Structures are given as structure tokens and as C-alpha cells.
Amino acid sequence: MNSYIEIIRPGNVVMAVIAVVLVAIVADSYTIPVLLGMLSVFFAISGGNVINDVFDYKIDSINRPDRPIPSGRISLENARKYAYLLFILSVLVSFITSYLVQSIYPTVVVLFAVIILYFYASNLKSTVLLGNFIVGFLTGLCFIFAGVIIGFDLGDMDLIGISSFLGFFALLMTFAREITKDIEDIEGDTAEGVKTFPIVYGAKTASYLAAFFAIVDCILCPLLYFTHIFNILYLIVIAVAVIIFLYGAVLLLQKQDSKTCHKVSKLLKIGMLIAFVSFVLGSI
Ligand SMILES: CC(C)=CCC/C(C)=C/CC/C(C)=C/CC/C(C)=C/COC[C@H](O)COP(=O)(O)O
Ligand SMILES: CC(C)=CCC/C(C)=C/CC/C(C)=C/CC/C(C)=C/COP(=O)(O)OP(=O)(O)O
Ligand SMILES: [Mg+2]
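Criteria and thresholds
Residues numbered from 1 in each chain as written. Chains lettered and ligands numbered in written order. Predicted model: local features only at pLDDT ≥ 70, side-chain atom pairs only at ≥ 80, totals over all residues. Heavy atoms only, no water. Axes fitted to C-alpha atoms, helices over the stretch in contact; angles between N-to-C directions. Helix = DSSP H or I, 4+ residues; strand = E, 2+ residues; numbered from the N terminus. Parallel < 35°, antiparallel > 145°, perpendicular 65-115°, else oblique. Left-handed = near helix turned anticlockwise from the far one by under 90°. Near = heavy atom within 4 Å. Polar contact = N/O pair within 3.5 Å; in protein donor to acceptor, adjacent residues only side chain to side chain. Nonpolar A, V, L, I, M, F, W, Y, C, P; charged D, E, K, R; others polar. pLDDT = per-residue confidence, 0-100. Areas by Shrake-Rupley, 256 points an atom, 1.4 Å probe, with all protein chains shown as cover. Salt bridge = Lys/Arg side-chain N within 4 Å of Asp/Glu carboxyl O. Buried < 20%, exposed > 50% of the residue type's maximum accessible area, 1.4 Å probe, protein only. Phe/Tyr/Trp six-rings, centres within 6.5 Å; stacked < 30°, edge-to-face > 60°. Patch = residues over 30% accessible without salt bridge, like charges linked within 9 Å, V, L, I, M, F, W, Y side chains within 5 Å. Contact = heavy atoms within 4.5 Å. Donors = N, O, S within 2.8 Å, 3.2 Å for Na, K, Ca; no water. Lys, Arg positive; Asp, Glu negative; His and termini not counted.

### Thoughts on the packing of helix α7 (residues 130–154) against helix α8 (residues 158–184)
- As a packed pair, α7 and α8 sit with axes 6 Å apart at the nearest point and diverge in direction by 160°. It follows from the interaxial angle that α7 and α8 lie roughly antiparallel. Between α7 and α8 lies a crossing whose hand is right-handed.

And the structure:
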């Protein structure tokens, strides 16, 4: 895979763009502003992933030496310029979106996300829990961003509430996954003097916290059915995702070694993808 594609982490980019599509499906609204919203998210998370690797290149030389920057396939300076270009494109696209929906808020959201993505990578990621929360919040913000665009486009502010509800579930599960990833990265983060929750409070305590948020997310997710946002198909399919989430939580509570954490991190992402499917089927 081309290094400039690899560094944006296309899998995560696709997932973030799908989050926008999911809200469009819930709203049954497929317009140019939605397409532009997808493009803004594409550029923003891509820039966030690249700038993250720029600031992480020392840690990644321990934890992830095969990534484009530590492996030397992309120079640090070129990666930095690439990230800035992606951020600028995200904001420029948001200007067009704001013009089309006659609201400044799409641009406000993108500017906020881009600024937070930069400062997450440069300063905030090595804060105990705040960095994890930021990643979860920005992930949930994808849904809210779509709700803002479609809500102002259709004049239906209820959509902002519904998309925020979806974003809440994304936040919780992503937060749990971020803590899991920090447990996996204890070795490299310790070597670089990065303060994360697992390093400060221990892997076992961190596993309790990650499992807690994943389990709470699973307990609350039927609300998306009982509040009539999704139909019974959602409930059937999300049950599969819940089983995977809970299995990951049990594995994490049993063992907190790097290999187990990596497996749990992948399981949570698979569960997220199944949750996407449940949102689509639940909207039919
Ligand atoms: C119970 C329930 C209804 C859960 C909902 C879960 C859900 C729908 C989550 C959505 C997640 C989402 C939109 C993800 C976007 C892409 C993504 C994975 C963002 C966070 O990535 C940061 C992460 O640290 C990247 O690391 P890695 O994946 O290892 O490259
Ligand atoms: C709403 C708009 C316009 C954009 C949102 C953009 C999104 C979805 C951001 C959420 C995901 C995110 C914060 C991605 C970039 C930062 C990132 C890769 C965090 C994880 O990095 P580390 O904590 O260093 O972990 P690894 O690098 O080891 O994966
Ligand atoms: Mg990183």
C-alpha cells in the first residue's frame, strides 16, 4: 500500500466517513452537503492520523517501527506538510458546506475538530484519561457533525439530538478501546515517559475502567430501540456486537498482556463495524 495512503489509516477513515453516512440513512437524506460532510471528515481524520504519527515518531519507533515515518518511508517534514494540507482541505470543504446549509456550525465543528486533533497529538495524548476521552469525543463528533449538517439542511433540529445519542455510544466504546490500547502500549509509552492511565494506576485497574465503559455501553444500547430511533432489526444485530464487546471485556479483565490487549482492541473494532450494520438495518 502507498505510504501516503497507509499513514492516514484508511480503515479508520472509512469508519469515520461511514458514521456520517449512518446519520444520512437515519435521516433518509442524501444531499450534496452530506457528501461534503463525508469529505470534511475524510480529510480531518486523515490529517489527525498523520499529525499523530508525526508527534509519535519516537514512541512508534518502539511500539510501531513498521509505520511510514519510523520506517523512513515518509520523512517527518513531508508528513507534517501532508497533515497540514489535509486539515486545510477539511476546513475549506466545510466552508462550502456551511454556505449550502446556510449555517456557520459545520465550519465551527470542523475547525474545532482540527484544532483538537492537532493539540491531542502534540500535547494532550499523554494526559491521564483526557487524551482517551478526546479520541472518543471526536469519534462521536462524526455523528453529531452529520446531524448538524442534515439538521440545518432540512430544518430538523431533532436530528442533532438523535445524532448526539449515536455519538454518545461511539464515545463510550472508543474510550474503552483507547484505554485498552494504552494498556497494550505500556512498554513504549513508559520508555518515552508518557503518562497514561495504565502507567499511573496499573494495567489491572485500567482493565476494570475499560471493561466498565464497554459494559455500560452494552447495557444502554437497547435504548436506541426503545426510543424508537431504530427498529427491531437493530436489536437483533446489535446483540451480536454486544456479545463481541462483552467477550472482549472478559478477556481484558482476565489478562492485560500486550497480546491480549491487541486482540481485544481488534474485537472492539469488529464490534463497532457490526454496530454500524445494526444502525443501517435498524433504519430500514
Ligand atoms: C454498543 C454500541 C451501540 C456501540 C457503538 C460503537 C460505534 C458505532 C462506534 C463508532 C466508532 C467510529 C465511528 C470509529 C471511527 C474510526 C475510529 C476507529 C476512530 C478512533 O480511532 C483512534 C484509534 O486510536 C486508532 O487506533 P487504531 O484503530 O489502532 O489505528
Ligand atoms: C468531526 C470531524 C470533522 C472530524 C472527526 C475526526 C475523527 C473521527 C477523529 C476521531 C479519531 C481520532 C482522534 C483520530 C486521530 C488521532 C489518533 C490516531 C489517535 C490514536 O493515536 P494514539 O493514541 O497515538 O494511538 P496509536 O497511534 O498507537 O494508534
Ligand atoms: Mg500514535
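Don't stop here, the text continues.
### Remarks on the site of ligand 2
- As a matter of local geometry, ligand 2 sits amid 21 residues, with R9, D56, Y120, K125 and K181 nearest to it.
- One nitrogen or oxygen atom from the side chain of R9 is found 2.6 Å from an oxygen atom belonging to ligand 2.
- K181 places a side-chain nitrogen or oxygen 2.6 Å from an oxygen atom of ligand 2.
- In the shell around ligand 2, the residues fall into eleven nonpolar, four polar and six charged.

### Some words on the confidence of the model for the protein chain
- Here the protein chain averages 95 in pLDDT, and 100% of its residues register 70 or above.
- Here the complex is predicted with pTM 0.94, and the ipTM for its interfaces comes to 0.93.

### Describing the site of ligand 1
- The environment of ligand 1 is formed by 21 residues, the closest being R9, R177, E178, K181 and K269.
- Measuring from an oxygen atom of ligand 1, one finds a side-chain N or O atom of R9 at 2.9 Å.
- Alone, ligand 1 offers 760 Å² of accessible surface; in the complex the protein occludes 93% of this.
- Residue contributions to the shell around ligand 1 peak at five residues, all from α8.
- Split into classes, the residues belonging to the shell around ligand 1 amount to 13 nonpolar, two polar and six charged.

### Here we look at the pattern of salt bridges
- The full count for this structure, using the stated rule, is nine salt bridges.
- Residue D56 is joined to K125 by a salt bridge in which the shortest nitrogen-to-oxygen separation is 2.9 Å. Note that D56 is positioned in the loop between α3 (32–55) and α4 (57–63) and K125 in the loop between α6 (105–122) and α7, a separation of 69 residues in sequence.
- What makes D56 buried here is its relative accessible area of 5%.
- Where R67 meets D60, a salt bridge forms, and the shortest distance between an N and an O atom there is 3.3 Å.

### Observations regarding the packing of aromatic side chains
- Considering all chains together, one arrives at 19 aromatic pairs under this definition.
- Plain terms: the ring middles of Y118 and F119 are 5.3 Å apart, the flat faces sit at 85° to each other, and that makes the pair edge-to-face.
- Ring geometry for F168 versus F169: centroids 5.4 Å apart, planes at 75°, classification edge-to-face.
- Accessibility expressed as a relative area gives 34% for F168, which makes it partly exposed.
- Cluster of aromatic residues (ring-pair linked, three or more members): F112, F133, F137, F175, F212 and F213.

### Re a nonpolar patch on the surface
- A grouping of I32, L35, Y84, I88, L92, F95, I96, Y99 and L100 is seen on the molecular surface, where their side chains present a nonpolar patch of about 900 Å² in accessible area.
- Secondary structure elements with two or more residues in the nonpolar patch: α3 and α5 (76–101).
- In this fold, L35 is placed in helix α3.

### Quick word on the environment of I51
- Within the secondary structure layout, I51 lies in helix α3.
- Separated by 130 residues in sequence, I51 and K181 have C-alpha atoms that sit 18 Å apart.
- For I51, the residues in contact, after removing those within four places along its chain, are A83, Y84, F87, L117, Y118 and A121.

### As for the coordination of the magnesium ion (ligand 3)
- Of the protein atoms, only N52 (OD1) and D56 (OD) coordinate the magnesium ion (ligand 3), at distances of 2.0 to 2.2 Å. In terms of burial, N52 and D56 fall into one category: buried.

### Focus on the side chain of R177
- Looking at the element boundaries, R177 is found in helix α8.
- Although R177 lies buried, it forms no salt bridge, and the closest oppositely charged side chain, E178, sits 4.4 Å away as judged by the N-O distance.
- Each residue touching R177, except ones within four places of it in the same chain, is listed here: S265, L268, K269 and M272.

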